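# Examination of the molecular architecture
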Amino acid sequence: MSIELIRLAPFNGVAANSLANLDLSQLLGFTVENIFLQLGGTFTKAQLTAIQLKANGKVIVDTDGARCDARMQFRGLTAAATLLCLDFSEYKARSKVAAYSGALDTTLGVRNLRLECQIGAATSPTLQAFASVSAPLVSPEFGGVRPLISRVHRVTQTIGAAGTFPLAVPHLDPVAGGSIFKRIAVHSANMTGALVTRNGVNVHESIKAINDYRQQYQGGRTPQAGVYMLDFIVDNIQEDAVLDTRPASGCSTAAVFGTFSAGETITIESEVLEPLDVY
């Protein structure tokens, strides 16, 4: 793919308890596969309390340091205390098209790109970014996926007690437009089971131990403590394994239920494939 690694311009506003921001205009004209962050000073990922990537002012990635790191370690990325990856690719996919599905093609209507990072109570923090980029994927085999971006949406939800409850997964409802789901990460200390339905049919039903074991066996994943991951591309074949809740896919109803051993406040992050012009 003739990947290049670009050192990005310095962040503005890097300080404790401040919002650091970075104009990513130098990425326009490329397809962005990864953005890497390097933290310096006494500055942990847990102190990176919010990360938002915005294209044309629209949030396309919404996460934080600790939760982003957990999702990347789940995929098999080796833990590194001062390094973090925002990933738009699926390098373990079994086809070239699937591997680059979701890469951010900035030539498709992206006029401006901005990264915002909320820094908590760090001491003398520093922050530097790099990006892996390639030329736009213009060959015919990428035509159907080129407009799709690997976006991350998140929401918090209060679970009041032990029991089974519907989860407020962002953009799941087909009535509101639905989405193409690669993964749903439920950051929870107490979630013990999951059920996913599509058009009234159970498409996934698991308990935590079996879910983790299957993901290790079938996909070479690294399950994380405190994360119940619903991985719809665990076999690394995206072409027919995603959870598609868009009405155009024939989906009329969809739901995700979680079973909990105790009440808590959870964060749900959905990894989806969506064009820039929705949501």
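Above this text sits the structure in question.
Here's a quick rundown of the structure. For clarity, every value in this text was computed on a predicted model and none was experimentally measured.

### Overview of the overall build of the protein
Scanning the protein from terminus to terminus reveals three helices and 18 strands. Here the C-alpha radius of gyration of the protein, 18 Å, is about what a compact globule of 279 residues would show, namely 19 Å. Overall, the C-alpha framework of the protein stretches about 50 × 50 × 35 Å when taken along its three principal axes. When each of the 279 residues of the protein is scored for burial, the buried share is 51%. When contacts within the protein are restricted to residue pairs at least 6 apart in sequence, those whose partners lie at least 24 apart make up 79%. Carbon and sulfur atoms make up 55% of the accessible area of the protein, which totals about 11600 Å². A distance of 2 Å separates the average location of the 22 positive side-chain charges in the protein from that of its 24 negative side-chain charges.

### Quick word on the nonpolar core
If you look at soluble globular proteins, the nonpolar side chains tend to sit buried side by side. Counting 38 residues, the largest nonpolar core has Ile35, Leu37, Leu53 and Leu115 as the members making the most contacts within it. In this view, Ile35 contacts Leu24, Leu53, Leu84, Cys85, Leu86, Phe88, Leu115, Phe130 and Ala131; residues no more than four positions away in its chain are not counted. Listed in part, the 21 residues of the second largest apolar core include Leu172, Ile184, Leu230 and Leu243.

### Thoughts on the sheet that holds strand β14 (residues 201-207)
Taken in spatial order, the four strands of this open sheet run β11-β17-β13-β14, and their pairing is antiparallel. The strands lining the two open edges of the sheet, one partner per strand, are β11 (163-166) and β14. Mean inter-strand twist for the sheet, computed between neighbouring axes without regard to direction, equals 15 degrees. Bridge count between β11 and strand β17 (residues 254-260): four bridges; the pairing is antiparallel. Paired with Pro166 across the strands is Phe257, a residue of β17.

### Topic: the pairing of β17
β17 sits mainly inside the fold: five of its seven residues count as buried. Summarising the sheet, strand β13 (residues 191-198) and β17 pair through seven bridges and their orientation is antiparallel. Paired with Arg198 across the strands is Ala254, a residue of β17.

### Quick notes on the side chain of Asn190
Along the polypeptide, Asn190 turns up in the loop between β12 (180-187) and β13. For Asn190, a relative accessible area of 19% puts it in the buried group. Contacts of Asn190, omitting those with residues within four sequence positions, involve Thr259, Phe260, Ser261, Ala262, Gly263 and Glu264.

### Describing the pattern of salt bridges
Side chains carrying opposite charge are able to pair once their charged atoms draw close together. Taken as a whole and judged by the stated rule, the model has 20 salt bridges. A salt bridge links Lys45 to Asp69, with the shortest nitrogen-to-oxygen separation between them at 2.9 Å. Of this pair, Lys45 sits in the loop between β3 (31-42) and β4 (48-55) while Asp69 is found in helix α1 (residues 65-75), placing the two residues 24 residues apart along the sequence. For the pair formed by Lys45 and Asp69, the shared burial category is buried. A salt bridge links Glu90 to Lys182, with the nearest nitrogen and oxygen atoms 2.9 Å apart. Taken as a pair, Glu90 in the loop between β6 (83-87) and α2 (96-100) and Lys182 in strand β12 lie far apart in primary sequence, 92 residues in all.

About the criteria used
- Counting from 1, residues in each chain are numbered in the order their sequence is written.
- Only residues with pLDDT of 70 or above have their local features reported here, since the model is predicted, and side-chain atom pairs are shown and tallied only from 80 upward, although totals for entire chains, interfaces and linings are computed over all residues.
- As a convention, hydrogens and water are excluded, and side-chain values are obtained from all of the structure's heavy atoms.
- Helical segments are the DSSP runs of H or I of at least four residues, strand segments are the runs of E of at least two, and each set is numbered from the N terminus.
- Radius of gyration means the value over C-alpha atoms here, while the globule rule gives 2.2 Å times the residue count to the 0.38 power.
- Relative accessibility thresholds used throughout: buried, under 20% of the residue-type maximum; exposed, over 50%; partly exposed, between the two (1.4 Å probe, protein chains only).
- Whether two residues are in contact is decided by their heavy atoms: any pair within 4.5 Å suffices.
- Each accessible area value is a Shrake-Rupley result obtained with a 1.4 Å probe; residue values ignore everything except the protein chains displayed when judging cover.
- Positive: Lys, Arg. Negative: Asp, Glu. His and the chain ends are not part of the count.
- By convention, the point assigned to a charge is CZ for Arg, NZ for Lys, CD for Glu and CG for Asp.
- Buried Ala, Val, Leu, Ile, Met, Phe, Trp, Tyr and Cys residues form a nonpolar core when they are joined through side-chain atoms within 4.5 Å.
- DSSP-based pairing: two strands are paired if at least 2 bridges between them are found.
- Axis angles are defined between N-to-C directions and span 0 to 180 degrees, where every axis is a line fitted to C-alpha atoms and, for a helix, only to the segment in contact.
- When a carboxyl oxygen of Asp or Glu is within 4 Å of a side-chain nitrogen of Lys or Arg, the pair counts as a salt bridge.

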